[in-house]
Structure formats: structure tokens, C-alpha cells
Amino acid sequence: MARDPNCVFCKIVAGEIPAKKVYEDDLVVAFHDINPRTPVHILIVPKEHIVSANDATEAHRDALGQLFIAARQVAESTGVAKTGYRLLVNNGPHAGQEVMHLHMHLFGGQPLGPMVMPR
Ligand code: AMP
């Protein structure tokens, strides 16, 4: 499984730095964002180091599909499945991607406003 020794999310996957994990299986891990923007703000991360959606290949099919399975379980366990939530993947500079290890944000716990910033 590809890994970047300098990547903060690879270090969380390896247990080298702490995270408040809420879900884990053989392909993905989910943990609380360190700087939550909403009452529920969870990051769901493939264990394999994939830089961004630009790097997704057929080889990542299982891990990428598992992000959504994990998201469903996290939505249920954090209590937002019925009230609603937003899944977001930032890719590259215009999206403001800060951590170059593909990850899905799960936002919830309050009304989330418009999908993108108004022009
Ligand atoms: P993005 O802008 O989509 O790349 O989002 C990266 C997210 O990772 C931000 O919301 C950060 O607050 C979050 N983050 C960065 N480092 C950590 C960490 N060590 N533990 C949990 N969340 C982190």
C-alpha cells in the first residue's frame, strides 16, 4: 500500500500521531477534523496514500467506494443521518486542498448553507 512518510494523514493511518477516530476498517479510517467547521466535522481517509482525485485509478476502486460506505456509518454514529450532511472532497488550489492525501469531509449538525460560495 502506497505511503508518504511526510504525509500527516499517512501518519494518522499508521498511528504515529493521534487522532480522534470514529471508524476504521482495512481500507479507510475516519476521525474528527482538528479544526471543525461544523458541529460534526469528520474526515474519511483512504489508508493508501492517494494525493487527490486527480490520481484516482481503477486500482483504488475498493478504497474509493469504501469512503461512501464509511460515510454512511459515520453519519449514523454521529447522529446526522436523518438531519442531513454534506460530503465534500477538495481537489487542488481552487478548492483549497491543504492536505495532499485524498480525503472526504463529512459536515453536519446544522443547516449547511449554499453548496458553494456565491459568485
Ligand atoms: P482540505 O482543505 O480539504 O485539504 O482539508 C484538510 C483538513 O484537514 C482541514 O480541515 C484540517 O483542519 C484538517 N487537518 C489537518 N491536520 C489534521 C490532523 N492532524 N488531524 C485532524 N485533522 C487535520
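Residues numbered from 1 in each chain as written. Predicted model: local features only at pLDDT ≥ 70, side-chain atom pairs only at ≥ 80, totals over all residues. Heavy atoms only, no water.

Draft legend 1. Fine view of the side chain of asparagine 90. Residue placement: asparagine 90 occurs in the loop between strand 4 (85-88) and strand 5 (104-108). For asparagine 90, the residues in contact, after removing those within four places along its chain, are Ala95, Gln97 and His105. (Helix = DSSP H or I, 4+ residues; strand = E, 2+ residues; numbered from the N terminus. Contact = heavy atoms within 4.5 Å.)

Draft legend 2. Fine view of the layout of surface pockets. Roughly 500 Å³ of volume is contained in the largest pocket. Forming the walls of the largest pocket are 25 residues, and the residues nearest its centre are Phe9, Asp33, Ile34, Arg37 and Leu43. Residue assignment for the lining of the largest pocket shows that the elements contributing at least two residues are helix 1 (8-13), strand 2 (28-32), strand 3 (40-46) and strand 5. By residue number, the principal contributor to the lining of the largest pocket is helix 1, which donates 3 residues. A class-by-class count of the residues in the lining of the largest pocket yields 13 nonpolar, 8 polar and 4 charged. Here the second largest pocket defines a volume of roughly 340 Å³. Along the wall of the second largest pocket there are 14 residues; nearest its centre are Arg86, Leu88, Pro114, Met115 and Val116. Looking at the lining of the second largest pocket residue by residue, the classes come out as 8 nonpolar, 4 polar and 2 charged. (1 Å grid on protein atoms, 1.4 Å probe; cavity = no way out; pocket = protein on both sides within 12 Å on 5 of 7 lines; lining within 4 Å. Points joined across faces, edges and corners; volume = space filled by probe spheres on them. Nonpolar A, V, L, I, M, F, W, Y, C, P; charged D, E, K, R; others polar.)

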